[in-house]
Amino acid sequence: MSPAPKLLEVDDLRVKFLTEDGMLTAVDGVSFELDTGEVLAIVGESGCGKSVTSQTMMGLTRSPNARIEGSVKYKSEELLDAPDEVLHRIRGEELAMIFQDPISALNPVYKVGAQIVEAIQAHEDVSDEIAKRRATELMAEVGIPDPARRVDEYPHEFSGGMRQRAMIAMALALEPNVLIADEPTTALDVTIQAQILRLLKRLNEDRGLAVIMVTHDLGVVADIADRVLVMYAGRVVESGSLDQIFYDPQHPYTWGLIGSITRLDRPPTHRLAQIKGQPPSLIGLPAGCHFRPRCPHAFDRCTEPPGLEVRGGGAGHEDRCWLSAEKKKTLRVVEGDIGLEAPAA
């Protein structure tokens, strides 16, 4: 008996864009699965391909200059070559997305409630009155105070955190099974960040909503994610459960991301580790491991392309690094110092 299909299956996704300077490889062989009620975090620096991955799943990167290969299946239905009418049905009803900048995602000349109503009526034949009542209920569910009044206010009358809640309400309007949150806490202060993350976690638990959290900050996902994909230069360089990534990281790039997280068990004078250099251009990527030019542990074999394999991290834990398990243990010294050198004082 074959296993039941996953809610969402992404297999060997590749996305390239033809530019004036040459072919840009934004996503290079990304694969993952998502189950109902699961929270998956996709983490990496700006330009690593995480947002393009999520937008491609929604059919938002289709253009004459885009070259898209691989497979994205929702409940076994292929989305990459699905006709526009199929995508129109799936977007909102099955898969929904919230973007990192709500002030540009919301139309400034329309009331917030009217924009949620529009999202509902684009898919359902309901009256203005019913749609507005549902919009008000959704705004209350995501924690917007006095929703009966604020449903008739404009985006500029909302704070940044309230605008992000309004975007979440809009995404939830048709009760999707998967919510893709692309940098949902960017530009919010830490208190509001925590509120938005608690809201997403509550929706995940109460609704059984599967969530894909796209972020550059590993610390943001520490309390919400079940599994983590770490991306660099278009590739997944490590994947595993939250505990595997935080407590048994295998790839030097992951070590760098963890080393850049502020920790309360460090003295105030402790300086965070830094990943030296800059991410490579996605046109003309380095041979072999793309992280090689920035990695202090690179050696000759790193010029060969590493596959994504289990190399000592445990079941379901994969990384793309040629260092042996023994060498990694040596490099990841005591007390959580995880390999990358701290900057000189």
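See above for the structure.
Conventions used here
Residues numbered from 1 in each chain as written. Predicted model: local features only at pLDDT ≥ 70, side-chain atom pairs only at ≥ 80, totals over all residues. Heavy atoms only, no water. 1 Å grid on protein atoms, 1.4 Å probe; cavity = no way out; pocket = protein on both sides within 12 Å on 5 of 7 lines; lining within 4 Å. Points joined across faces, edges and corners; volume = space filled by probe spheres on them. Nonpolar A, V, L, I, M, F, W, Y, C, P; charged D, E, K, R; others polar. Salt bridge = Lys/Arg side-chain N within 4 Å of Asp/Glu carboxyl O. Buried < 20%, exposed > 50% of the residue type's maximum accessible area, 1.4 Å probe, protein only. Helix = DSSP H or I, 4+ residues; strand = E, 2+ residues; numbered from the N terminus. Phe/Tyr/Trp six-rings, centres within 6.5 Å; stacked < 30°, edge-to-face > 60°. Lys NZ or Arg CZ within 6 Å of the ring centre and 35° of its normal. Pairing = 2+ DSSP bridges. Contact = heavy atoms within 4.5 Å. Axes fitted to C-alpha atoms, helices over the stretch in contact; angles between N-to-C directions.

Chemist: Could you clarify how one ought to interpret empty space enclosed by the protein in this entry?
Modeler: If you roll a probe as big as a water molecule over the atoms, it shows you where there is empty space left. Per the stated rule, a full pass over the model turns up three cavities of 30 Å³ or more. Considered as a void within the structure, the largest cavity measures approximately 80 Å³ in volume. The wall of the largest cavity is formed by H251, P252, C289, F291, R292, C295, H297, A298, C302, C321, W322 and L323. Here the residues of the lining of the largest cavity sort into nine nonpolar, two polar and one charged. Roughly 50 Å³ of volume is contained in the second largest cavity.

Chemist: Explanation requested: the pattern of salt bridges in the structure shown.
Modeler: Per the counting criterion, the structure on display carries 19 salt bridges. The closest approach of N and O atoms between D12 and R14, which form a salt bridge, is 3.0 Å. In this structure R14 comes out as partly exposed when scored by relative accessible area, which is 29%. When the shortest N-O distance is used, the salt bridge between D206 and R202 registers 3.8 Å. Taken together, the residues D206 and R202, both in helix α8 (residues 190-207) and four residues apart, mark about one turn of the helix. A relative accessible area of 57% means that D206 is categorised as exposed. Three or more residues joined by partner-sharing salt bridges are found here, namely D12, R14, D28 and R235.

Chemist: I keep staring at the packing of aromatic side chains and nothing clicks. Help me out?
Modeler: The description of two aromatic rings rests on the distance between their centres and on the angle between their planes. A complete count under the given rule lists three aromatic pairs for this structure. Ring geometry for Y232 versus F291: centroids 5.2 Å apart, planes at 80°, classification edge-to-face. With Y232 in strand β9 (residues 227-232) and F291 in the loop between α10 (252-259) and β11 (318-319), this pair connects stretches of sequence that are 59 residues apart. Relative accessible area serves as the criterion here: at 1%, F291 is assigned to the buried category. Between Y253 and F291, the ring centres sit 5.3 Å apart and the planes meet at 65°, which makes this aromatic pair edge-to-face. In this pair, Y253 is assigned in helix α10 and F291 in the loop between α10 and β11, connecting sequence segments 38 residues apart. Here a set of aromatic residues connected by ring pairs shows up, and it is made of Y232, Y253 and F291. Looking at R150, its charged tip hangs above the ring of F158, at a distance of 4.7 Å from the centre.

Chemist: It is not clear to me how the sheet that holds strand β1 (residues 8-19) should be interpreted in this structure. Could you clarify?
Modeler: Note on sheets: strands pair through backbone hydrogen bonds, and any given pair is parallel or antiparallel. An order of β2-β1-β4-β5 is seen for the four strands of this open sheet, with the pairing classed as antiparallel. Only two strands of the sheet have a single partner each, and these edge strands are β2 (22-34) and β5 (77-78). Relative to the sheet, helix α1 (residues 50-57) contacts β1, β2 and β4 (66-74), its axis offset from that of β1 by approximately 110°.

Chemist: Looking at this model, I keep getting lost on unusual backbone geometry. Mind explaining?
Modeler: Among all residues save glycine, negative phi is the norm, and among peptide bonds the norm is trans. The backbone phi angle of K75 is positive, close to 50°, even though this residue is not glycine. Tracing the backbone shows K75 in the loop between β4 and β5. For K75, a relative accessible area of 47% puts it in the partly exposed group. One non-glycine residue with positive phi stands out, namely E175, at about 55°. As for its position among the elements, E175 is in the loop between α7 (160-171) and β7 (178-182). Its relative accessible area of 57% is what places E175 among the exposed residues.

Chemist: Help me out: how do you make sense of the sheet that holds strand β10 (residues 235-241) in this one?
Modeler: One open sheet accounts for seven strands, arranged β6-β7-β8-β3-β9-β10-β11; its pairing is mixed. Since the sheet does not close on itself, it has two edges, and those belong to β6 (95-98) and β11, each with one partner. Examined bridge by bridge, β9 and β10 share six bridges and lie antiparallel to one another. Looking at β10, one finds that V228 is bridged to G240. Across the face of the sheet, α7 comes into contact with β6 and β7 while running at roughly 170° to β6. Sitting on the sheet, α8 is in contact with β3 (39-43), β7 and β8 (210-215), with an inclination near 155° to β8.

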